[in-house]
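Letter by letter, the chains look like this.
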Amino acid sequence: MRGRGERLERVLAERELDRMLVTDLTNVRYLTGFTGTNGACICGPGERLFLTDFRYTERAAAEVEGWEPITVAGDWLGAIAERLRGRFGFEDDHMPVRMLEKLGEKLADGAEPAPAGGTVEKLRRVKDDEELAAIAEASKLADEVWRWSVERGLAGKSEREVARGAEARIRELGGDPSFPAIVAAGPNGALPHAEPGERPIGRGELVVFDMGAQLDGYCSDGTRTYATGDPGERGRAVYETVLAAQLASLEAVKAGVTGEDVDAVARKIIDEAGHGEHFGHGLGHGVGLEVHEGPRLSPKSDDVLAPNEVVTVEPGIYLPGELGVRIEDFVVVSEDGYRNLSALPKELTLVD
Ligand code: ZN
Ligand code: ZN
């Protein structure tokens, strides 16, 4: 966690804030290392305060580094309020209105809250070496589970059986699923966020298999679409279009381009194949402590990619009532390109 408080402190100066109150637990974890369920931190010039309650005193001592630990007994908001001075940022995108009101009642004269939601999230976009290592490990674990799942065969099993099996395997290997695995075969594949169902997977179907592992708090996210035998001419054509869009938009990833630019590369290829209306989601998103975070790759995203951001590239084509194909890698952005964290092949793979 070293250096993260310093990065936040620099942003505060740019935004003319005297301090920042961080209450979102993922952001608190990012800054301090704390993994418990009640904590907050206050960052100011040369000031690093971490507050929790007695249940977490020991955990804080073990996990929190570089922040002064404070155990609050009794009035939680009062303890926070008495440490806030001047114009302080707070996370208006996370803090409940009622909590802000109560905090406001307890503030000292001259302490003034300023909405600063998204500040820590923006820092989180760029990963340090420790984070990149955790993400790469999570990715490796997930790749292993795809191989394992495919070896055991898909046809004849229900989507749910395959999904639950993969999640159990992730846990056996020491991780957690970063979200409930999606296994969507045949017509279900046309629903980008399908819930795995009980229908047995048939032969000659395309199977969208989207999953991720979480290790040390960090997530992976990827999708492969497999075919349980020849998916037919239309299925193959859709697959090749998605693959072409995925490869081309991957090549557009590098520092300095916007999320909109990268998205447009995939969208153009899918449009030209006549499937513009069948690609109804953004091209990708950042991944880190959360499986969906900044930056966004989408038609409206003016996020500019920076080195060491981790983003997914996941075009898809969804033909209602018929089939779906999505191919998703996740990659580390570099100055002149990217490093792919997904090692699985992307050519159409026929499986049992
Ligand atoms: Zn994704
Ligand atoms: Zn995914």
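Placed above this text is the structure.
Residues numbered from 1 in each chain as written. Chains lettered and ligands numbered in written order. Predicted model: local features only at pLDDT ≥ 70, side-chain atom pairs only at ≥ 80, totals over all residues. Heavy atoms only, no water.

Trainee: Help me out: how do you make sense of the coordination of the zinc ion (ligand 2) in this one?
Mentor: Around a metal, the perfect tetrahedron of four donors has angles of 109.5 degrees, and the perfect octahedron of six donors has angles of 90 or 180 degrees. The protein atoms that coordinate the zinc ion (ligand 2) are Asp 210 (OD), Asp 210 (OD), Asp 221 (OD) and Glu 328 (OE), at distances spanning 2.1 to 2.6 Å. Note that the zinc ion (ligand 2) binds four donor atoms; their angles at the metal cover 54 to 146 degrees, and the shape is irregular. One chain supplies every donor to the zinc ion (ligand 2), and in sequence these donors are spaced D-x10-D-x106-E. Separating the zinc ion (ligand 2) from the zinc ion (ligand 1) is a gap of 3.2 Å, bridged by Asp 221, which donates to each. Here Asp 221, found in the loop between strand S11 (218-219) and strand S12 (222-227), pairs with Glu 328, found in the loop between strand S17 (323-326) and strand S18 (329-334); they are 107 residues apart in sequence, far enough to count as distant. When sorted by exposure, Asp 221 lands in the same class as Glu 328, which is buried. (Donors = N, O, S within 2.8 Å, 3.2 Å for Na, K, Ca; no water. Tetrahedral: all angles 85-135°; square planar, octahedral: opposite > 155°, others 65-115°. Helix = DSSP H or I, 4+ residues; strand = E, 2+ residues; numbered from the N terminus. Buried < 20%, exposed > 50% of the residue type's maximum accessible area, 1.4 Å probe, protein only.)

Trainee: Even after reading the chapter, I still don't get the sheet that holds strand S2 (residues 39-44), so can you show me in this structure?
Mentor: Spatially, six strands are ordered S4-S3-S2-S1-S5-S6 in an open sheet, and the strand pairing comes out mixed. Looking along the sheet, the strands with just one partner apiece sit at the ends: strand S4 (68-72) and strand S6 (112-115). The sheet shows a mean angle of 25 degrees between the axes of neighbouring strands, direction not considered. Here strand S5 (residues 87-90) pairs with S6 via four bridges, running parallel. The residue of S6 that forms the bridge with Phe 88 is Pro 113. The strands that helix H1 (residues 4-14) touches are strand S1 (19-22), S2 and strand S3 (47-53); relative to S2, the one it contacts most, it runs at about 55 degrees. (Pairing = 2+ DSSP bridges. Axes fitted to C-alpha atoms, helices over the stretch in contact; angles between N-to-C directions. Contact = heavy atoms within 4.5 Å.)

Trainee: It is not clear to me how the environment of Arg 4 should be interpreted in this structure. Could you clarify?
Mentor: Examined against the element boundaries, Arg 4 turns out to sit in helix H1. As for Arg 4 and Gly 294, which are separated by 290 residues in sequence, their C-alpha atoms are 17 Å apart. A polar contact is formed between the side chain of Arg 4 and the backbone oxygen of Tyr 30, at a distance of 2.9 Å. (Polar contact = N/O pair within 3.5 Å; in protein donor to acceptor, adjacent residues only side chain to side chain.)

Trainee: What is the right way to look at the layout of surface pockets in this model?
Mentor: In this approach the atoms are scanned with a rolling probe the size of a water molecule, which exposes any empty space left behind. There is about 410 Å³ of room inside the largest pocket. Forming the boundary of the largest pocket are 23 residues, of which Ile 182, Pro 192, His 193, Asp 210 and His 292 lie nearest the centre. Secondary-structure elements contributing two or more residues to the lining of the largest pocket are helix H8 (159-172) and strand S13 (284-286). Partitioning the lining of the largest pocket into residue classes produces eight nonpolar, six polar and nine charged. Reported here for the second largest pocket is a volume of approximately 210 Å³. Lining the second largest pocket we find Arg 7, Val 11, Glu 14, Arg 15, Gly 118, Thr 119, Lys 122, Leu 123, Arg 125, Val 126, Ala 306 and Glu 309. At the level of secondary structure, the elements contributing two or more residues to the lining of the second largest pocket comprise H1 and helix H6 (119-125). The leading source of residues in the lining of the second largest pocket is H6, at four residues. Split into classes, the residues belonging to the lining of the second largest pocket amount to four nonpolar, two polar and six charged. (1 Å grid on protein atoms, 1.4 Å probe; cavity = no way out; pocket = protein on both sides within 12 Å on 5 of 7 lines; lining within 4 Å. Points joined across faces, edges and corners; volume = space filled by probe spheres on them. Nonpolar A, V, L, I, M, F, W, Y, C, P; charged D, E, K, R; others polar.)

Trainee: What's the story with empty space enclosed by the protein in this structure? I'm lost.
Mentor: Per the counting criterion, the structure on display carries one cavity of 30 Å³ or more. Taken as a whole, the largest cavity holds about 60 Å³ of empty space. Around the largest cavity sit 13 residues that line it, and Ser 139, Asp 143, Trp 146, Gly 222 and Ser 342 are the ones nearest its centre. Where the lining of the largest cavity is concerned, the elements lending two or more residues are helix H7 (129-151) and S12. When residues of the lining of the largest cavity are assigned to their parent elements, the largest contribution, four residues, is made by H7. Across the lining of the largest cavity, the residue classes break down as four nonpolar, five polar and four charged.

Trainee: I keep staring at the sheet that holds strand S9 (residues 206-211) and nothing clicks. Help me out?
Mentor: Each strand in a sheet pairs with its neighbour through backbone hydrogen bonds, running either in the same direction (parallel) or in the opposite one (antiparallel). The sheet built from three strands is open, its strands ordered S8-S9-S12 with antiparallel pairing. At either margin of the open sheet sits one strand with a lone partner, and together these are strand S8 (182-185) and S12. In this sheet, adjacent strand axes meet at a mean angle of 15 degrees when their direction is disregarded. In the sheet, S8 pairs with S9 via four bridges, with the strands oriented antiparallel. Opposite Val 183, over in S9, you have Phe 209 as the bridge partner.

Trainee: How should the pattern of salt bridges be read in this particular structure?
Mentor: A side chain with one charge can pair with a side chain of the opposite charge if their charged atoms come near. This model, assessed by the stated rule, comprises 27 salt bridges. Among the ionic pairs, Asp 352 bridges to Arg 203, the shortest N-O distance being 3.8 Å. Placement of the pair is Asp 352 in the segment after strand S19 (337-340) and Arg 203 in the loop between S8 and S9, with a sequence separation of 149 residues. With respect to burial, Asp 352 and Arg 203 carry one shared label: exposed. (Salt bridge = Lys/Arg side-chain N within 4 Å of Asp/Glu carboxyl O.)

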